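Spelled out from the first residue to the last, the chains are:
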Amino acid sequence: MSKTLVAYFSASGVTKGVAQVLSQAANGDLFEINPLVPYTNADLNWMDKNSRSTREMKDKSFRPPVSERLENMDDYDLIFLGFPIWWYIAPTIINTFLETYDFADKKIVLFATSGGSGFGKTLENLKPSCASSADMIEGKLLRGRPVKDDLVSWVRTFL
C-alpha cells in the first residue's frame, strides 16, 4: 500500500494553509520544510535588492539549509510538494529539499501559491535537483483558500 506525503515550504503562512487542506483531501501525512534560519519580514521584502530572499533567488546555486530531516521518506510513493512562487520559480529551499532525499521512482506533484504569477519555469528549474527516475509533475496553482471537497477529485487523479 502506498503512502502519500504533503511537504511544503511556507514563508508567510499562505502555503501552509493550503497544504493542510490538501493533506486532508489526499489523506496524507504533512511535513513542513523549515529553513534552519527562519525568514523575517525584512528577509522577504522582494522590493529590496539586498533582502535575503532576493539574494538567494539571484544565486541559483544557493541552497538554504533546512532545520530538520524527514526520516521515513522511503515510506512514501506520492509526494505533493508545495511552495510560494518567488520570481516565477520555486524558492531555492525546495531544491535543498529535493537534493536531500532519494526520490527515485516516486511521483512528485508540485503545487504552488502565488498572488499573481504562474508556475513559470518552476518544473524546469526543479527537475535537475531530483532523481532522473522520479516522475515530477507540474500540478496546480492554488489561489485563495481551497476547501477539501474542491481538491479531492484533483488529488484522486494521482492516486
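Structure shown above.
The shown structure was predicted, so the numbers you read here are calculated from the model rather than taken from an experiment.

Trainee: Residue-level account of the pairing of strand β2 (residues 29-32), with values.
Mentor: Of the strand pairs in this sheet, strand β1 (residues 3-8) and β2 are connected by four bridges, and their pairing is parallel. Its bridge partner being in β2, V6 is matched across the sheet by L30.

Trainee: How would you explain helix α5 (residues 148-156) if you had to name every residue and give the values?
Mentor: Where α5 is concerned, the buried positions are L151, V152, W154 and V155. Considering only its buried residues, α5 is in contact with α1 (14-26), β3 (76-84), β4 (107-113) and β5 (135-141).

Trainee: Any details on the nonpolar core? Residues and values, ideally.
Mentor: Across soluble globular proteins, nonpolar side chains have a tendency to be buried as a group. Ranked by internal contacts, the top residues of the largest apolar core, which has 31 residues, are L81, I94, F97, L98 and F103. Elements with a minimum of two residues in this core: β1, β3, α3 (92-100) and β4. Apart from the residues lying within four places of it in its own chain, the contact partners of L98 are L81, F103, I108, L126, S129, C130 and M136. Counting 18 residues, the second-largest nonpolar core is a separate cluster that includes V18, L22, A25 and V155.

Trainee: So what's going on with the environment of F97? Which residues, and what values?
Mentor: Along the chain, F97 falls in helix α3. Not counting residues within four places of it along the chain, the set of residues in contact with F97 comprises A7, F31, I33, M73, L81 and F103.

Trainee: So what's going on with the pattern of salt bridges? Residues and values would help.
Mentor: In the structure shown here, the tally under the stated rule is four salt bridges. Among the charged side chains, a network of salt bridges with common partners joins D43, R52 and E56.

Trainee: How would you summarise the sheet that holds β4 if you had to cite specific residues and measurements?
Mentor: With respect to topology, five strands assemble into an open sheet ordered β2-β1-β3-β4-β5, the strand pairing being parallel. Strands at the two margins of the open sheet, each flanked by one partner only, are β2 and β5. Each neighbouring strand pair of the sheet contributes to a mean axis angle of 20°, computed without reference to strand direction. Relative to β4, β3 runs parallel, the two sharing seven bridges. Paired with I79 across the two strands is I108, which belongs to β4. Across the sheet, α3 touches β1, β2, β3, β4 and β5, and the angle it forms with β3 is around 165°.

Trainee: Describe in detail the layout of surface pockets, supporting the description with residues and values.
Mentor: There is about 480 Å³ of room inside the largest pocket. What lines the largest pocket is a set of 19 residues, among which W46, P84, I85, W86 and W87 lie closest to the centre. Here the second largest pocket is characterised by a volume of approximately 150 Å³. Lining the second largest pocket, in full, are G13, V14, G17, V18, V21, G144, R145 and P146.

Trainee: So what's going on with the packing of aromatic side chains? Residues and values would help.
Mentor: Think of a pair of aromatic rings as described by two things: how far the centres are apart, and how the planes are tilted against each other in angle. Counted under the stated rule, the structure contains 11 aromatic pairs. On the numbers, 5.7 Å between centres and 80° between planes, the contact of F9 with W86 is edge-to-face. Here F9 is found in the loop between β1 and α1, whereas its partner W86 is found in the loop between β3 and α3, with 77 residues between them in sequence. Look at F9 and you get buried, because its relative accessible area is 1%. Put simply, the rings of F9, Y39, W86 and W87 pair up and form one aromatic cluster. Positioned above the aromatic ring of Y39, the side-chain terminus of R52 is 3.8 Å from the ring centre.

Criteria and cut-off values
- Residues numbered from 1 in each chain as written.
- Predicted model: local features only at pLDDT ≥ 70, side-chain atom pairs only at ≥ 80, totals over all residues.
- Heavy atoms only, no water.
- Pairing = 2+ DSSP bridges.
- Helix = DSSP H or I, 4+ residues; strand = E, 2+ residues; numbered from the N terminus.
- Buried < 20%, exposed > 50% of the residue type's maximum accessible area, 1.4 Å probe, protein only.
- Contact = heavy atoms within 4.5 Å.
- Core = buried A, V, L, I, M, F, W, Y, C linked by side-chain atoms within 4.5 Å.
- Salt bridge = Lys/Arg side-chain N within 4 Å of Asp/Glu carboxyl O.
- Axes fitted to C-alpha atoms, helices over the stretch in contact; angles between N-to-C directions.
- 1 Å grid on protein atoms, 1.4 Å probe; cavity = no way out; pocket = protein on both sides within 12 Å on 5 of 7 lines; lining within 4 Å.
- Points joined across faces, edges and corners; volume = space filled by probe spheres on them.
- Phe/Tyr/Trp six-rings, centres within 6.5 Å; stacked < 30°, edge-to-face > 60°.
- Lys NZ or Arg CZ within 6 Å of the ring centre and 35° of its normal.

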